[in-house]
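Each chain is listed here by its residues.
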Amino acid sequence: LKQGWFSEINGLWPGIAQSLEVEKILYEGQSEYQHVLVLQTKSYGKALVLDGIIQCTEKDEFSYQEMISFLPLCSHPNPKTVLIVGGGDGGVAREVAKFPGVEKIYQVEIDNKVVEVSKQFLPFMAKGFSDPKVNLHIGDGFEFMKQHSNEFDVIITDSSDPVGPAISLFQEPYFALLKKALKPNGIVCCQAGTVWSNLDQVQDTLTHCRSIFPKVAYGVSSVPTYPTGQIGYMLGSLNPETNFNEPLKTFSEDELDKMELRYYSDKIHRASFELPRFAKKSLKL
Ligand code: AAT
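This is a predicted model, so every value here is computed, not measured.

Enquirer: Which residues make up the overall build of the protein, and what values do they have?
Expert: Helices and strands together make up the secondary structure of the protein, namely 10 helices and 12 strands. Taken over the C-alpha trace, the protein has a radius of gyration of 18 Å; the compact-globule value for 285 residues is 19 Å, and the two agree within 12%. For the protein, the spread of C-alpha atoms along the principal axes amounts to about 55 × 45 × 40 Å. The proportion of buried residues among the 285 residues of the protein is 56%. For the protein, restricting intrachain contacts to residue pairs at least 6 apart in sequence, the fraction spanning at least 24 positions comes to 68%.

Enquirer: Describe the site of the ligand, and please don't skip the residues or the numbers.
Expert: Of all residues adjacent to the ligand, which total 29 residues, the nearest are Asp-89, Glu-109, Asp-140, Asp-158 and Asp-161. Interatomic distance of 3.3 Å between a backbone N/O atom of Ile-110 and a nitrogen atom of the ligand. Within the backbone of Gly-141, a nitrogen or oxygen atom sits 2.8 Å from a nitrogen atom of the ligand. Protein chains shield 100% of the accessible area of the ligand, which is 670 Å² for the free molecule. Looking at the shell around the ligand, the elements with two or more residues in it are β5 (53-57), α1 (61-73) and β7 (104-109). Of the residues that constitute the shell around the ligand, the class distribution is 12 nonpolar, 11 polar and six charged.

Enquirer: So what's going on with the pairing of β5? Residues and values would help.
Expert: When you tally the buried positions in β5, you get five out of five residues, the bulk of the element. One ladder, built from four bridges, connects strand β4 (residues 46-50) with β5; its direction is antiparallel. The residue of β5 that forms the bridge with Ala-47 is Thr-57. In sequence, β4 turns back onto β5 through a hairpin of two residues, with Asp-51 there showing a positive phi of about 45 degrees.

Enquirer: Describe the environment of Ala-126, listing the residues and the values that go with them.
Expert: Summarising the element assignment, Ala-126 is placed in helix α4 (residues 123-126). Judged by relative accessible area, which is 7%, Ala-126 ranks as buried. Through-space distance from the C-alpha of Ala-126 to that of Val-92 is 9.3 Å; in sequence the pair is 34 residues apart.

Enquirer: Describe the environment of Gln-191, listing the residues and the values that go with them.
Expert: Topologically, Gln-191 is positioned in strand β10 (residues 182-192). Taking the C-alpha atoms as reference points, Gln-191 and Thr-157, separated by 34 residues in sequence, lie 6.2 Å from one another. For Gln-191, the side chain forms a polar contact with the side chain of Asp-161, separated by 3.2 Å.

Enquirer: Go over the sheet that holds β5 with me, naming the residues and quoting the values.
Expert: Spatial ordering of the open sheet is given by β1-β2-β3-β4-β5, a layout of five strands whose pairing is antiparallel. Two strands lie at the open edges of the sheet, namely β1 (5-7) and β5, each paired on one side alone. Strand-to-strand twist across the sheet, computed as the mean angle between neighbouring axes with direction ignored, equals 40 degrees.

Enquirer: Tell me about the nonpolar core, and name the residues and values.
Expert: As a rule of thumb, nonpolar side chains are buried together in soluble globular proteins. Within the largest apolar cluster, 37 residues are counted, with the highest numbers of intra-cluster contacts made by Phe-70, Val-96, Tyr-233 and Leu-235. Counting residues per element, the ones that place at least two in this core are α1, β6 (81-86), α2 (91-96), β9 (152-158), β10 and β12 (230-237). Sort the elements by how many residues they give to this core and α1 lands first, with six residues. Residues Phe-142, Ala-166, Phe-175 and Val-216 belong to the second largest nonpolar core, which totals 34 residues.

What counts and what doesn't
- Residues numbered from 1 in each chain as written.
- Predicted model: local features only at pLDDT ≥ 70, side-chain atom pairs only at ≥ 80, totals over all residues.
- Heavy atoms only, no water.
- Helix = DSSP H or I, 4+ residues; strand = E, 2+ residues; numbered from the N terminus.
- Rg over C-alpha atoms; globule rule 2.2 N^0.38 Å.
- Buried < 20%, exposed > 50% of the residue type's maximum accessible area, 1.4 Å probe, protein only.
- Contact = heavy atoms within 4.5 Å.
- Near = heavy atom within 4 Å.
- Polar contact = N/O pair within 3.5 Å; in protein donor to acceptor, adjacent residues only side chain to side chain.
- Areas by Shrake-Rupley, 256 points an atom, 1.4 Å probe, with all protein chains shown as cover.
- Nonpolar A, V, L, I, M, F, W, Y, C, P; charged D, E, K, R; others polar.
- Pairing = 2+ DSSP bridges.
- Axes fitted to C-alpha atoms, helices over the stretch in contact; angles between N-to-C directions.
- Core = buried A, V, L, I, M, F, W, Y, C linked by side-chain atoms within 4.5 Å.

Here is the structure:
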């Protein structure tokens, strides 16, 4: 930490780095899989950093957690059983548990240390784990997927970036396993990079997704503390009739308030798939 600032320097986004002014290091340790850091930042609240990469901050985490959950859930006619891969902070479980009709939430996170640290320092996200619908399993998402077929309506891959333990979750065999683990007409949603800093990665993920799913889409939301201030979501459906642009489930303002949704709405859902021309062209969307 140079002069009280944390900088997210990484070869995944060469020559550009997000910086956060730090008031206090709340936790620092090395798990079996990665370096784990929790910071009290000056302007973005508490921040979780794994292997030097910002996973979420208190001030803007809701954008990512709501969108990666509600984009697929609202695109499925009746999601009952949901699997979350990764998501050790509990934020995605918190969001999925809000969705009416979801009966069972399974989650596979590789690193128990992330879960423990989140329960201790990031309870506003880790509260997701205390929902009775959530069944948490500690293990590798890729290995877990091999052992499951025809079980889930929606699978959300809330994984870290394609370095370290998450590499396998961005490769083609993983998408084939996702297909097998889904029920008929199932939907997947995966964390995908952005067209500003990771165009090659987004193209690769899209190619894998297209080779497996008859319907795919790529949407974005703004997350100030992620590289280039946004993040992408790769969606795939086994049902060729799925139209990701038009949510099947919509909520009134009152319902959105009750569910404590601060980013997602049906208008944001539609808008998230509207990409700038250069991105549409390079992704052939
Ligand atoms: N919820 C927002 C943050 C994340 S968390 C990513 C999680 O994926 C971490 O808890 C990490 O331990 C877990 N993970 C990594 N690899 C695997 C694996 N193979 N199996 C299961 N879980 C895994 C995402 C941040 C996005 C950052 C964008 N720059």
